[in-house]
Amino acid sequence: MSVVARPFPGSSLSCVTRAGAARPSHTRCRARAHSRTLGLGSRMARTCGAARAALALLLLLALLAAHHRCSQVQLQESRPNFTLRVDVPARTLTVSVATEFDIRVRLCYQQHKDTCSELSPAVVDLVTAHSPNATLRFPYLLPCLCVQVYFRFRDALRTVVCPFEHQLDGAEVWRSSSVEVTGVTLLWISQCPLRPSATLCWRLPGTVPDCLRIANSSLSVLHSHASPILTKYDISSVDQHPDMCVQLALNGTAKHFCRFAPGLTQWSADVVPAIRHMRVLFTSSIPASFSAQLCVLRGQECVSHGTVHSVSQEEGVGQPQLLIPFSHDPAGLCVQVWCSDPPLLGRRLFCPDCTCFPAASVPSTGRCGSFPVTPPLTHSSSSGLHRRWGLVAMAAVLVLLCAVSAVYLSYRVAQRRQTGWKLQHKPVLLVSSSERTQHVSAMCALASILQTELRARVRTALLAQGEGEGGSVADLGPLPWLYGQCETVRGAGGRVLLIWSPEGKRAYQSLGGVGSPEPEEPDGGATEPSALTAPILRAALAYLRGALQGGDPCHGFALVCFQGLCEQRDVPQELRQLPVFQLPRDFGALLQALRERPADARWRCWHSLNSSIEARVAAKRMAQKLRPWLPTKEAGKVGGGTDGSGRASAGTVARDAP
């Protein structure tokens, strides 16, 4: 009997045992099949572990991606922190950030509510790892100038800061804007959405301001939704003369623009000044009516004055004209003319004589205040010009007559002063150098003349006027008295006059051993011995020498030489640097030296002229009083003598005071 055994599930082998086959063979077949089953399960376990590892990796990647997306969304909804510094003189903006992410910075003009127009350069990338600061330059200081700061990734929120939002500088606005004339509109282009007011003004060089505002000449704005930085003004009814300008005003500042080209007007006007009226001539290529009126310059406009005069011109009719009378000629009188039918906005101004402007503002082309003027060809205008020249000549003659009359009256007033020159003079100290009778008499006469004619305070020891400031000569002694008097006179700005003589020269030479004293030559003249003359002279010379050696320019000393009593050789070389007055010839120079000058510089010129006239008159009178006390015929024994007219000869000293 044979037994057929089916194979085990999953086994590719079959085992057939027949009857009578051995048992061990059957056992080996089953063991092989079991081992194969165990290998299949191990492979399945390994496959499942790899799948679990791949699934864990995918889950980790998904979590990382979700975290990145969350971080990006969070940054998109955040803004960078930064600080802004403005340097107006340098025109720079400095942005400083405090973040680890890179950002972008840009300047722009916020011309719309939600948009900001970029400047050049458009964007500045700021890498915070290298530098946290970015500096941007801007050309104009405008209220719409802003800075944007944002992260560099896409759709990041932007922070906009406008540092000059509440500061409006009109000058910056005018520099950054422009004006164009297109047809019947005037277009103002600016960087910011501003809207200034517009009026007309007339350009008139030489005035301040140089464009005079015209009353009731405001321009209307044409509303347009094209752009907020474009403003259109209606100029369809404006008199488009080249000197007619549009003045824009904003926040207290104004700027005028003259953009009308020549040849756009169909009429012109010429103004010819005449006697007590203005003649206005009109020329027009179309039928029109014109008006004219006087006006007076007041500040920034020409204020209307008087009645409005009108005239019409029909087609083919000649040149119409207007005569505008005026009763007086105020400063800044002008004429304003305009076209009244068809009505044109704006008035032209003409100031005929340009009396209110400097001569440099009137060109040589016949234009006055930038308004075309036809040269006057009429008889009335020519006669008016001649009358003006006649008035100028008459004014010149009157000024000359007034000057001559003033000089003559001053001379007569000075000549009629019988009591002398009564204005204050400086004090005078007279120091005698000789005891000769003629010398002493001449010095006493000079002291009397100075007291009576000039009312000067004269001090001298020989006239026994010792009682005074600081005590008398007898109480103090010659040397202290002389030093005290010198200090007093010098302190008051006066003069110490040394009445010089040959005896004075010998005293100076004997003082301190200067040279060898010349022997005294007897002249046979009478003397008046005095115990004060010699010691006071020595004290004065010692005081003078100390002042000269000390370099004192204000020593206040001068020498007086009487004609016939002193020669040039009598003055030592060291004393020739002092002022030397030869009397009576140099009385005028002596009076000018003793005369006080006013401290007020405004009257110095008139005082100098009046003082010169008075000095001449007084010097002539004082010379006549001094001359009888001087030697005449006997002068030849002493020195050079005098000529027949009383003038000193060439041998005498003649030096003026500085």
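Residues numbered from 1 in each chain as written. Predicted model: local features only at pLDDT ≥ 70, side-chain atom pairs only at ≥ 80, totals over all residues. Heavy atoms only, no water.

1. Structural notes on the overall build of the chain
Helices and strands together make up the secondary structure of the chain, namely 11 helices and 32 strands. For the chain, buried positions account for 39% of its 658 residues. Counting only carbon and sulfur atoms, one obtains 57% of the accessible surface of the chain, whose full area is about 36700 Å². (Helix = DSSP H or I, 4+ residues; strand = E, 2+ residues; numbered from the N terminus. Buried < 20%, exposed > 50% of the residue type's maximum accessible area, 1.4 Å probe, protein only. Areas by Shrake-Rupley, 256 points an atom, 1.4 Å probe, with all protein chains shown as cover.)

2. Focus: the pairing of strand E20 (residues 277–284)
By the criterion of burial, E20 is predominantly enclosed, with 6 of the 8 residues buried. Taking the residues between adjacent antiparallel strands as the criterion, strand E19 (residues 267–274) and E20 are bridged by 2 residues, where Arg276 takes a positive phi near 60°. Sheet analysis places E20 next to strand E23 (residues 321–325), joined by 5 bridges and oriented antiparallel. What sits directly across from His277, in E23, is Pro325. (Pairing = 2+ DSSP bridges.)

3. Comments concerning the nonpolar core
In terms of nonpolar packing, the biggest core is built from 51 residues, with Trp188, Leu219, Val246 and Leu248 touching the most fellow members. Apart from residues no more than four positions distant in its own chain, Leu219 is found in contact with Ala198, Leu200, Tyr233, Asp234, Ile235, Val238, Val246 and Leu345. Counting 31 residues, the second largest nonpolar core, distinct from the first, contains Ala456, Ile499, Val560 and Phe581. (Core = buried A, V, L, I, M, F, W, Y, C linked by side-chain atoms within 4.5 Å. Contact = heavy atoms within 4.5 Å.)

4. Notes on helix H4 (residues 437–454)
Relative to the 26 Å expected for 18 residues at 1.5 Å per residue, H4 spans 25 Å between its end C-alpha atoms, a close match to the ideal helical length. For H4, the complete set of buried residues consists of His439, Val440, Ala442, Met443, Ala445, Leu446, Ala447, Ile449, Leu450, Glu453 and Leu454. Arg455 occupies a position one or two residues after H4 and carries a positive phi of about 55°. (Expected span 1.5 Å × (residues − 1).)

5. Let's talk about the packing of aromatic side chains
Think of a pair of aromatic rings as described by two things: how far the centres are apart, and how the planes are tilted against each other in angle. Per the stated rule, a full pass over the model turns up 9 aromatic pairs. With centroids separated by 6.5 Å and ring planes inclined at 40°, the aromatic side chains of Trp267 and Phe282 adopt a geometry described as tilted. Of this pair, Trp267 sits in strand E19 while Phe282 is found in strand E20, placing the two residues 15 residues apart along the sequence. Through pairs of rings, three or more aromatic residues link up here, namely Phe101, Phe151 and Phe153. Looking at Arg158, its charged tip hangs above the ring of Tyr150, at a distance of 4.0 Å from the centre. (Phe/Tyr/Trp six-rings, centres within 6.5 Å; stacked < 30°, edge-to-face > 60°. Lys NZ or Arg CZ within 6 Å of the ring centre and 35° of its normal.)

6. Section: the packing of helix H7 (residues 502–510) against helix H8 (residues 533–549)
Relative to each other, H7 and H8 sit at 60°, their axes nearing to 10 Å. Considering their axes alone, H7 and H8 lie oblique with respect to each other. Considering only the axes of H7 and H8, their crossing is right-handed. Only Leu537, Leu541 and Arg545 of H8 make contact with H7, whose side of the interface consists of Gly504, Ala507 and Tyr508. (Axes fitted to C-alpha atoms, helices over the stretch in contact; angles between N-to-C directions. Parallel < 35°, antiparallel > 145°, perpendicular 65-115°, else oblique. Left-handed = near helix turned anticlockwise from the far one by under 90°.)

7. Focus: unusual backbone geometry
Look at the link from Asp341 to Pro342: it is a cis peptide, with omega at -5°. Secondary-structure assignment places Pro342 in the loop between strand E24 (333–341) and strand E25 (348–350). For the bond from Leu583 to Pro584, the omega torsion is 10°, close enough to zero to count as cis. With respect to the secondary-structure elements, Pro584 resides in the loop between strand E32 (580–583) and helix H9 (587–594).

8. Focus on the sheet that holds strand E15 (residues 221–222)
Here 4 strands make up an open sheet; going across it, the order is E11-E12-E16-E15 and the pairing antiparallel. Here the strands that pair on one side only, and so sit at the sheet edges, are strand E11 (178–182) and E15. Pairing geometry for E11 and strand E12 (residues 185–189), over 5 bridges, is antiparallel. Bridging across to E12, Glu180 finds its partner in Leu187.

9. Overview of the state of the cysteines
In this structure the tally under the stated criterion is 7 disulfides. Sulfur-sulfur distance for the disulfide between Cys201 and Cys211 comes to 1.9 Å. Of note, the bridge from Cys201 to Cys211 carries an S-S torsion of about 90° and is right-handed in sense. Here Cys201, found in strand E13 (residues 197–203), pairs with Cys211, found in strand E14 (residues 211–218); they are 10 residues apart in sequence, far enough to count as distant. (Disulfide = S-S within 2.5 Å.)

10. Thoughts on the sheet that holds strand E8 (residues 133–137)
The 3 strands are arranged E3-E4-E8 in an open sheet whose pairing can be described as antiparallel. Whereas interior strands pair on both sides, the edge strands pair on one side only; in this sheet they are strand E3 (82–87) and E8. Averaged over all pairs of adjacent strands, the angle between their axes in this sheet comes to 20°, without regard to strand direction. Where E3 lies against strand E4 (residues 92–97), 6 bridges are found, and the strand directions are antiparallel. When the bridges of E4 are listed, Phe82 appears paired with Val97.

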